[in-house]
Amino acid sequence: MDLELSEEQQMIKDMTRALLGEHCPIEVVREMEDDPKGYPAGLWKQMAEAGLVGVLIPESHGGGGLGLLEAALVYEELGRAMAPTPHFVSAVLSAGMLLEAGSEAQQEAWLPKIVAGDAILTPAWLEPDRGFGPEGVALAAKREGDEYLLSGVKRHVNYASSAERLIVLARSDDGVELLLVDPSGDGVELKQIRSQSGEAHYRVELRDVRVPVSARIGAAGSGWETFAKVLQDGLVLQAAQAIGGADRCLENTVEYAKVRKQFDKPLGAFQALAHYMADASTQIEGGRVLVHEAAWNGALGRSTARFAPMAKLFACNTYQDVTRVCAQIWGGVAFTIEYDTQMYFRRAKEMQLSWWDTPYLEELVAADVLDQ
Amino acid sequence: MDFDFSPEEQKFADEVEQWLTENHDPVVMDPTRENFTQLADTPERRDFMKKLAKQGWLGMSWPKEYGGQEIEGVYEFILNEALSRHAAPQIGKGVGIIGKTLIRHGSDFLKAEFLPKILSAEVEFAVGYSEPEAGSDAANMQLKADKVDGGWNLNGQKMWTTSAHFADWYWVGARTDPDKPKHDGLSLFLIPMDHAGLEIQSLPTIGKDTTNQVFFTDVFVPDEYLVGKRGQGFQMIAEALDLERFTMFTLSPISERTRVLVDWAKTATRDDKPIRENPDTRRLIANIVTDTAVAKALSTRFVCAAKAGGKPPSIQSSQYKLFTTTLSQRVCDEALDITGAAGTIREGQDEAPIRGRFEGAYRATMNETVGGGSSEIQKNIIARRHLGLPKNF
Ligand SMILES: Cc1cc2nc3c(=O)[nH]c(=O)nc-3n(C[C@H](O)[C@H](O)[C@H](O)COP(=O)(O)OP(=O)(O)OC[C@H]3O[C@@H](n4cnc5c(N)ncnc54)[C@H](O)[C@@H]3O)c2cc1C
Ligand SMILES: Cc1cc2nc3c(=O)[nH]c(=O)nc-3n(C[C@H](O)[C@H](O)[C@H](O)COP(=O)(O)OP(=O)(O)OC[C@H]3O[C@@H](n4cnc5c(N)ncnc54)[C@H](O)[C@@H]3O)c2cc1C
């Protein structure tokens, strides 16, 4: 047993922190809220040049070929900085689906561009009033000869306006399909939706959109399996990001509690507040080690089926708990836009509700232990 | 990073596992006692400890010159977790608190007198820190030790001395210098438990075991039985607590409880329907299983920090204790909620669900968030030492 980072891992973490410190200060994060594009081009370019965009993508496709553990370290830093980037949707989920099931031609066409930050792909998954599971995918994909005819509505499609391709989860007679769709094509309509965190989300409506069968990723009807497998590993990164956010928010709060005085004492001298912070630090540390354990298992090629849902469940609940308590410690100012705590607080809730929420993850964990 | 045991550690873990299976003793390893087994005073238990000693498993982390093997504490962790998983008594206070303190601070006389006996499991200790006015505030001990010719004369009272009713020796903190600041006026002594002037009164608890209060009337302790230097008592106590907190609260009983609960929930029914289909039950169990994985993560964090050497891992041990003892109570509480009204049937009766294991544990675990340093004390430690917040009491 050994929880130390290797020199290389420590370097990646330090480098990411330095890069985000320079290119993603809090003013930039604020500017990007509700922005139609939603991420700063400069930051994205820097991340690509530093090899961070391709961190998980094999060297044969131009990536860094590193494992889930290194990626988790990067994500903890992204979480600390609240960095608005399409990394998760493009370089993790879309690239992951292409790697898992894409044809050689599809991989060659997209992966090098994703790694270089030149193309963004994003999954179009959730639908209004439908759930996170495979049943949630209802958007119709009618097979007509060599084409699919797509009709329906997607919501929470992140960074859709910047995307060169959407990976649309659609239902055909064979099951769920993953289809590469050009968002600027005929019949596709994007509408920005303002989310709690201010991340760039879109409603995407497809009206009789025709895509060739060659735009399908993987065998007919295999889409859900591919998507769920890739998202499962991705949960570990969401969890890492949540831990990073919680950690930074607590760090800021502890510093504030040392200097802000009421009743002639620093706030941190009131046990009621000190104990909140002690609990928060314990929860964060537990979550962090669990995330590392999940990532380490994934990196060794062991199944993440048990650890990944637990990691995201615990980490996102922790993020929400910690930011709520931090807001309480800041007092009235936490309620104002001027202070940063509210930014963590909003992101925490959004992360908890995104990419499989608490009840869905609880169900995954319960099924894993009770139904086997 | 590596969450698995190293090959050598794994080899040891397998060896211990095999030995415990081969040496299974239903009297000593009573699963309903969980981690409280070491409190049962039976001849079988003493024999079992001697067997452990013969294996060379007591004092593995001690220096070679005192009969140890000078190996990392992670081996003691592996052993303790396995013992606790098998509901067997753990290596105990002698090896950890008393032995380690004597090695660091004891005289040659005390080392020669006690260390070999600890390693061969010939001596049982009771630890006397707490008093009516000195619980969390351990430095506030008032038991008086007056200097007399050739030794010390002790008068006063101790509270909460576990195993005083069967231990051989008493490891006691007393005030030797009432005029000094309270942390500097304490010293440690070793006293035979059957010494004249010691009166032991049992104090029944809602758990499975009794504890004791002990009254001192003119108890004479010769100079040689003062441990370390006069006035160093509190520092030695604090050091020992840092070193030993995790061995007092092993994770195995909690993971075992979670496992037992999950196993039971897989097959139990209510109104002829499997309870595992109940959405509330599924939710509770998902969170218990997840939090148990977090507790394990915190124990790994703690062991690795200890392995890394240097300072005792007091922050990691406080985080571990805070999280796991709270979880331990929650697992029992929620298990009883899931069993419903039947959960009130006392342990041991035929109709008690899961043989009343959670009913018994529910009562027994109530002391975990208080004993050995309460949750609030752990939070104070984390707030001050880890977060650097100002002193808050
Ligand atoms: C939306 C809004 C509207 C408001 N409207 C008005 C208004 O119209 N008029 C007006 O006069 N005020 C108003 N207030 C101010 C409000 O009364 C204060 O925010 C509140 O009293 C807390 O003070 P504070 O924000 O300075 O926090 P602080 O006093 O700095 O407190 C910060 C944290 O420390 C804790 N704390 C402070 N002292 C102690 C202690 N002794 N022991 C333990 N914990 C302690 C607090 O509970 C809090 O968690 C408003 C506030 C808000 C958010
Ligand atoms: C079953 C059992 C076995 C025990 N065995 C032993 C033994 O073998 N040897 C031994 O020496 N002791 C033993 N103890 C004593 C144990 O260490 C004490 O009970 C414990 O340290 C708490 O002290 P107390 O009970 O006096 O509670 P108190 O110190 O009176 O605490 C009462 C409450 O106040 C809180 N509190 C106290 N100080 C603070 C503070 N500064 N900040 C915030 N909150 C605070 C506590 O957290 C607690 O919630 C045992 C206790 C039990 C229950």
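Scroll up for the structure.
Undergrad: Is there a simple way to explain the overall build of chain B in this structure?
TA: Within chain B, the secondary structure is distributed over 11 helices and 10 strands. Computed over the C-alpha atoms, the radius of gyration of chain B is 22 Å, within 12% of the 21 Å expected from 2.2 N^0.38 for a compact globule of 393 residues. Here the C-alpha coordinates of chain B stretch approximately 75 × 50 × 45 Å along the principal axes. Looking at chain B as a whole, 55% of its 393 residues qualify as buried. Counting contacts in chain B only where the partners sit at least 6 residues apart, residues at least 24 apart contribute 70% of the total. Counting every atom, chain B has about 16800 Å² of accessible surface; 51% of that belongs to carbon and sulfur.

Undergrad: Looking at this model, I keep getting lost on the site of ligand 1. Mind explaining?
TA: Residues and elements named next belong to chain A. In the vicinity of ligand 1, the contacting residues are Arg-260, Gln-262, Phe-263, Leu-267, Phe-270, Leu-273, Gln-328, Ile-329, Gly-331, Gly-332 and Phe-335. Taking Gln-328, its main chain carries an N or O atom lying 2.6 Å from an oxygen atom of ligand 1. Between Gly-332 and ligand 1, the recorded distance is 2.7 Å, taken from a backbone N or O atom to an oxygen atom. Considered on its own, ligand 1 offers 960 Å² of accessible surface; in the complex 42% of this is hidden by protein. Here the shell around ligand 1 is composed, by residue class, of 6 nonpolar, 4 polar and 1 charged.

Undergrad: What's the story with the pattern of salt bridges in this structure? I'm lost.
TA: A side chain of one charge can pair with a side chain of the opposite charge when the charged atoms of the two come close. Inspection of the entire model under this criterion finds 48 salt bridges over all chains. Between Glu147(A) and Arg210(A) there is a salt bridge whose closest N-O contact spans 3.1 Å. Taken together, the residues span a long stretch of sequence, with Glu147(A) in strand 3 (residues 147-158) and Arg210(A) in strand 7 (residues 200-212) at a distance of 63 residues. Classification of Glu147(A) as partly exposed rests on a relative accessible area of 29%. Linking Lys307(B) and Glu9(B) is a salt bridge whose minimum nitrogen-to-oxygen distance equals 2.8 Å. Linking Lys307(B) in helix 8 (residues 279-307) with Glu9(B) in helix 1 (residues 7-22), this pair joins segments that are 298 residues apart in sequence.

Undergrad: Hey, could you run me through the site of ligand 2 in this one?
TA: Around ligand 2, 19 residues are found, and the nearest of them are Ser136(B), Trp160(B), Thr162(B), Ser374(B) and Glu376(B). The environment around ligand 2 is built from residues contributed by chains A and B. Note that a nitrogen atom of ligand 2 is positioned 2.8 Å from one of the side-chain N or O atoms of Gln271(A). Surface burial for ligand 2 is 69%, taken as the share of its 970 Å² of free accessible area covered by protein chains. Of all elements in the fold, only strand 1 (125-128) and helix 11 (375-386) of chain B reach the threshold of two or more residues within the shell around ligand 2. If one sorts the elements of the shell around ligand 2 by residue count, helix 11 of chain B sits on top with 3 residues.

Undergrad: Hey, could you run me through the packing of aromatic side chains in this one?
TA: For any two aromatic rings, the description comes down to two numbers: the centre-to-centre distance and the angle of the planes. Inspection of the entire model under this criterion finds 27 aromatic pairs over all chains. On the basis of an interplanar angle of 70° and a centroid distance of 5.9 Å, the ring pair of Tyr39(A) and Tyr159(A) is categorised as edge-to-face. Of this pair, Tyr39(A) sits in the loop between helix 2 (26-32) and helix 3 (41-49) while Tyr159(A) sits in the loop between strand 3 and strand 4 (165-172), and the two are 120 residues apart along the sequence. Arranged with centres 5.8 Å apart and planes meeting at 85°, the rings of Phe12(B) and Trp57(B) form a pair that is edge-to-face. In this pair, Phe12(B) is assigned in helix 1 and Trp57(B) in the loop between helix 2 (43-54) and helix 3 (73-85), connecting sequence segments 45 residues apart. Take Phe12(B) and Trp57(B): they sit in the same class, and that class is buried. Put simply, the rings of Tyr75(A), Phe88(A), Trp125(A), Phe132(A), Trp224(A), Phe227(A), Trp355(A), Trp356(A) and Tyr360(A) pair up and form one aromatic cluster. Looking at Arg143(A), its charged tip hangs above the ring of Tyr148(A), at a distance of 5.6 Å from the centre.

Undergrad: Explanation requested: the interface of chain B and chain A in the structure shown.
TA: Where interface size is quoted, it is often the accessible area lost as the parts come together. Tallying the contact residues gives 47 residues for chain B and 42 residues for chain A. Taken together, the two surfaces of chain B and chain A that pack against each other cover about 4100 Å², and 65% of this comes from carbon and sulfur. Interface area lost by chain B to chain A is led by Met1(B), Phe3(B) and Arg282(B), which between them contribute 21%. Run the count over chain B and chain A and you get 8 salt bridges. The salt bridge involving Asp371(A) is made with Arg282(B); its shortest N-O contact spans 2.7 Å. Linking chain B to chain A there are 17 residue pairs in polar contact (both at pLDDT 80 or more). Of all the elements in the fold, those that place two or more residues in the side of chain B that touches chain A are helix 3, helix 7 (252-267), helix 8, helix 9 (314-339) and helix 11 of chain B. Sort the elements by how many residues they give to the side of chain B that touches chain A and helix 8 of chain B lands first, with 18 residues. Classifying every residue of the side of chain B that touches chain A by side-chain character gives 24 nonpolar, 9 polar and 14 charged.

Undergrad: Honestly, helix 7 of chain B in this entry has me stumped. Any pointers?
TA: Across its 16 residues, helix 7 of chain B extends 23 Å between first and last C-alpha, which sits within 8% of the 22 Å expected from 1.5 Å per residue. When we look at burial in helix 7 of chain B, the residues that qualify are Ser252(B), Pro253(B), Ile254(B), Glu256(B), Arg257(B), Thr258(B), Val260(B), Leu261(B), Val262(B) and Ala265(B). Elements that come into contact with the buried residues of helix 7 of chain B comprise helix 11 (358-370) of chain A together with helix 3, helix 8, helix 9 and helix 10 (357-364) of chain B.

Undergrad: Help me understand helix 2 of chain B in this model?
TA: Residue and element names in this part refer to chain B. With 12 residues, helix 2 extends 17 Å from end C-alpha to end C-alpha; this agrees with the ideal 16 Å at 1.5 Å per step. All of the buried residues along helix 2 are Arg-45, Phe-48, Met-49, Leu-52 and Ala-53. The buried residues of helix 2 occupy an angular sector of 145° when projected down its axis, which confines them to one face. Residues of helix 2 that are exposed and point more than 90 degrees away from the buried face comprise Pro-43 and Lys-54. On its buried face, helix 2 is in contact with helix 1, helix 3 and helix 5 (108-119). Of the residues flanking the end of helix 2, it is Gly-56, one or two places downstream, whose phi is positive at about 80°.

Undergrad: Sorry, what's going on with a nonpolar patch on the surface here?
TA: Residues and elements named next belong to chain B. Nonpolar side chains collect at one region of the surface, where Ile-206, Tyr-362 and Met-366 lie side by side and expose about 270 Å² of accessible area between them. One can find Tyr-362 in helix 10. Take Tyr-362: its relative accessible area is 34%, and that puts it in the partly exposed class.

Undergrad: Mind showing me how you'd approach the nonpolar core here?
TA: Generally speaking, soluble globular proteins have nonpolar side chains that are buried together. By size, the foremost hydrophobic cluster in this structure holds 239 residues, and its most contacted members are Trp125(A), Leu150(A) and Leu154(B). When residues of this core are assigned to their parent elements, the largest contribution, 18 residues, is made by helix 7 (residues 223-259) of chain A. Non-local contacts of Trp125(A), meaning those with residues more than four positions away in its chain, are made with Phe132(A), Val137(A), Lys154(A), Leu169(A), Trp224(A), Phe227(A), Leu231(A), Trp355(A) and Trp356(A).

Undergrad: Help me understand the side chain of Glu350(A) in this model?
TA: Residues and elements named next belong to chain A. Its location among the elements puts Glu-350 in helix 10 (residues 341-353). A distance of 3.2 Å separates a polar atom in the side chain of Glu-350 from the backbone nitrogen of Gln-196. Not counting the four nearest positions on each side in its chain, Glu-350 is found in contact with Ser-195, Gln-196, Ser-197, Glu-199 and His-201.

Cut-offs applied
- Numbers given to residues run from 1 along each chain, matching the order in which its sequence is written.
- Chain letters start at A and ligand numbers start at 1, both assigned in the order the entries are written.
- In view of the model being predicted, local features appear only for residues whose pLDDT reaches at least 70, and side-chain atom pairs are presented and counted only at 80 or more, with totals across whole chains, interfaces and linings using the full set of residues.
- Side-chain measures were taken over the full set of non-hydrogen atoms in the model, leaving aside hydrogen atoms and water.
- Working definition: helices are DSSP H or I runs of at least four residues, strands are E runs of at least two. Numbering for both runs from the N terminus.
- Radius of gyration means the value over C-alpha atoms here, while the globule rule gives 2.2 Å times the residue count to the 0.38 power.
- The cut-offs for exposure are 20% and 50% of the maximum accessible area for each residue type, with area from a 1.4 Å probe on protein chains only; residues under the lower value are buried, those over the upper are exposed, and the others partly exposed.
- The criterion used for residue contact is that any of the two residues' heavy atoms lie within 4.5 Å.
- What sets the accessible areas is the Shrake-Rupley method with a 1.4 Å probe; for residues, cover comes only from the shown protein chains.
- Here, proximity means that at least one heavy atom of the residue falls within 4 Å of the molecule or strand.
- Pairing of N or O atoms within 3.5 Å defines a polar contact, subject to two protein rules: one partner must be a possible hydrogen donor and the other a possible acceptor, and residues neighboring in sequence count only if both atoms are side-chain atoms.
- Asp, Glu, Lys and Arg are counted as charged, while Ala, Val, Leu, Ile, Met, Phe, Trp, Tyr, Cys and Pro are counted as nonpolar; the rest, among them Gly, fall into the polar class.
- Only one rule defines a salt bridge in this text: a Lys or Arg side-chain nitrogen within 4 Å of an Asp or Glu carboxyl oxygen.
- Aromatic rings from Phe, Tyr and Trp, with only the six-membered ring used for Trp, were paired whenever their centres fell within 6.5 Å, and each pair was classed as stacked if the ring planes differed by under 30 degrees, edge-to-face if by over 60, and tilted otherwise.
- Two limits define a charge over a ring: the Lys NZ or Arg CZ must be within 6 Å of the ring centre, and within 35 degrees of the ring normal.
- Buried surface area refers to the total accessible area, computed with a probe of radius 1.4 Å, that the two partners give up upon joining, counted for both partners together.
- To estimate the expected span of a helix, count its residues, drop one, and scale the result by 1.5 Å.
- By arc we mean the arc of the directions from the helix axis to the C-beta atoms, nothing more.
- For patch detection, residues must exceed 30% relative accessible area and be free of salt bridges, and they are connected within 9 Å for like charges or within 5 Å for nonpolar side chains (Val, Leu, Ile, Met, Phe, Trp, Tyr).
- Nonpolar core, defined: a set of buried Ala, Val, Leu, Ile, Met, Phe, Trp, Tyr and Cys residues in which side-chain atoms within 4.5 Å join the residues together.

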